[in-house]
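# Observations on chain architecture
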Amino acid sequence: MRRTGIFFHPKERRGITILRRIVVIVAFAAVILWSHGMVAAAQTGDMLAAARSIKIYTEDFAPFNYMSDTGLTGAGTDVVREMAARLGHDGKFEVLPWKRALQIVDNEPGTAVFSMVRTSEREDEYKWVGPIIVTRGWLYKMTDSNLEIRDLSDARKVAAIGVQAGGAAERMLREQGFKNLAALYTPGNALQLLASDRIDLWEASDLVLEHQRRKFGIDRSEVEPVIGLGIYELYLAFSLQTPDFIVDQWQMVLNDLRSDGTFAEIGRKYGVSMLHEGAEVPSGEEFNLMTR
């Protein structure tokens, strides 16, 4: 008897059935992968939106971040602004007194502040991205001062050491028992206070000294570094309530700045890579506040 249609051997029919199942499985897997990809894309979009919504604060403290005729500028500002641009953040940073900025970031999620010195005491109080600047801190005196400062025991005896109000050095020196600290709420004129004998010693980084001596027309030979306080590593610090995935995105764009040369270019603009020329710690105690 003649058969109509296509005739397959039983083994061939089994092969076709298996092939059809494979096709169905592959198609199903493709749909699953596509849907997962769409979910991942949506999640990525949400993550970027969250990173872009961060409220960022800073202070008016040259040369790291300060107000000029053209607006907010400085080494830290330029680095964070470039990071913000690459994330799609609007790059709007609010300038506040330092203690007020810290109060906000200490208590509100989705906030960050720069340029903050990272210390062991602060380590668990914030989430860190950086460093965005690296420089060195000193206690300075005027060269013509009659003070003999060989170590920290001598520094404890002076009438007043000028420190940034709310800054890392103020906190650490107070923890070391210093009772003679003069908290400066407008640290941008600290070198004038030192030159006019209103403070005896001044705690500052080499870059701050260099900026202020140029601003006030004071020759470098007129100011003397007497005690090295260690390395300042300054960061963009996020509130503890900020999710890690947001912090990670900001760190990734900073890493990109480093790898493509933008970070170094900004540093050269402000002389960040240069330490104070000729500044050497005299014999005696060098207390490394910033790296202990």
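If you're wondering where the values come from, they're calculated on a predicted model, not measured in any experiment.

About the criteria used
Residues numbered from 1 in each chain as written. Predicted model: local features only at pLDDT ≥ 70, side-chain atom pairs only at ≥ 80, totals over all residues. Heavy atoms only, no water. Helix = DSSP H or I, 4+ residues; strand = E, 2+ residues; numbered from the N terminus. Buried < 20%, exposed > 50% of the residue type's maximum accessible area, 1.4 Å probe, protein only. Contact = heavy atoms within 4.5 Å. Axes fitted to C-alpha atoms, helices over the stretch in contact; angles between N-to-C directions. Parallel < 35°, antiparallel > 145°, perpendicular 65-115°, else oblique. Left-handed = near helix turned anticlockwise from the far one by under 90°. Nonpolar A, V, L, I, M, F, W, Y, C, P; charged D, E, K, R; others polar. Core = buried A, V, L, I, M, F, W, Y, C linked by side-chain atoms within 4.5 Å. Pairing = 2+ DSSP bridges.

### Re the side chain of Thr262
Along the chain, the position of Thr262 falls in helix α9 (residues 262-270). When its relative accessible area of 17% is taken as the criterion, Thr262 is described as buried. Excluding residues within four positions of it along the chain, Thr262 makes contact with Glu82, Arg86 and Leu257.

### Some words on the packing of helix α2 (residues 75-87) against helix α8 (residues 244-259)
Here α2 crosses α8 at 110°, and the two axes come no closer than 9 Å. Here α8 runs roughly perpendicular to α2, going by the angle between their axes. α2 and α8 meet at a crossing whose hand is right-handed. Here Val79, Val80, Glu82, Met83, Ala84, Arg86 and Leu87 of α2 lie close against α8, whose contacting residues are Gln249, Trp250, Val253, Leu254, Asp256 and Leu257. Its residues placed into classes, the contact of α2 with α8 shows nine nonpolar, one polar and three charged.

### A word on the nonpolar core
In this structure, Ile56, Met83, Trp202, Leu236, Phe238 and Trp250 are the most contacted members of the largest nonpolar core, which totals 51 residues. Setting aside residues up to four positions removed in sequence, Leu236 forms contacts with Ile56, Val80, Met83, Ala112, Val113, Phe114, Lys127, Trp128, Val129, Ile132 and Trp250.

### Quick notes on the sheet that holds strand β1 (residues 55-58)
Strand order in the open sheet formed by eight strands is β4-β1-β5-β10-β6-β9-β7-β8, with mixed pairing between adjacent strands. Both outer strands of the open sheet, β4 (93-95) and β8 (181-184), are each paired with one neighbouring strand and no more. Within this sheet the neighbouring strands show an average axis-to-axis angle of 30°, counted without direction. Here strand β6 (residues 127-142) pairs with strand β9 (residues 201-205) via four bridges, running antiparallel. Looking across to β9, one finds that Gly137 is bridged to Ser205. In the packing of helix α3 (residues 98-107) onto the sheet, the strands contacted are β1, β5 (111-117), β7 (161-164) and β10 (223-238), and the crossing angle to β5 comes to about 135°. The sheet strands contacting α8 are β1, β6 and β10, and the helix crosses β6 at an angle near 70°.

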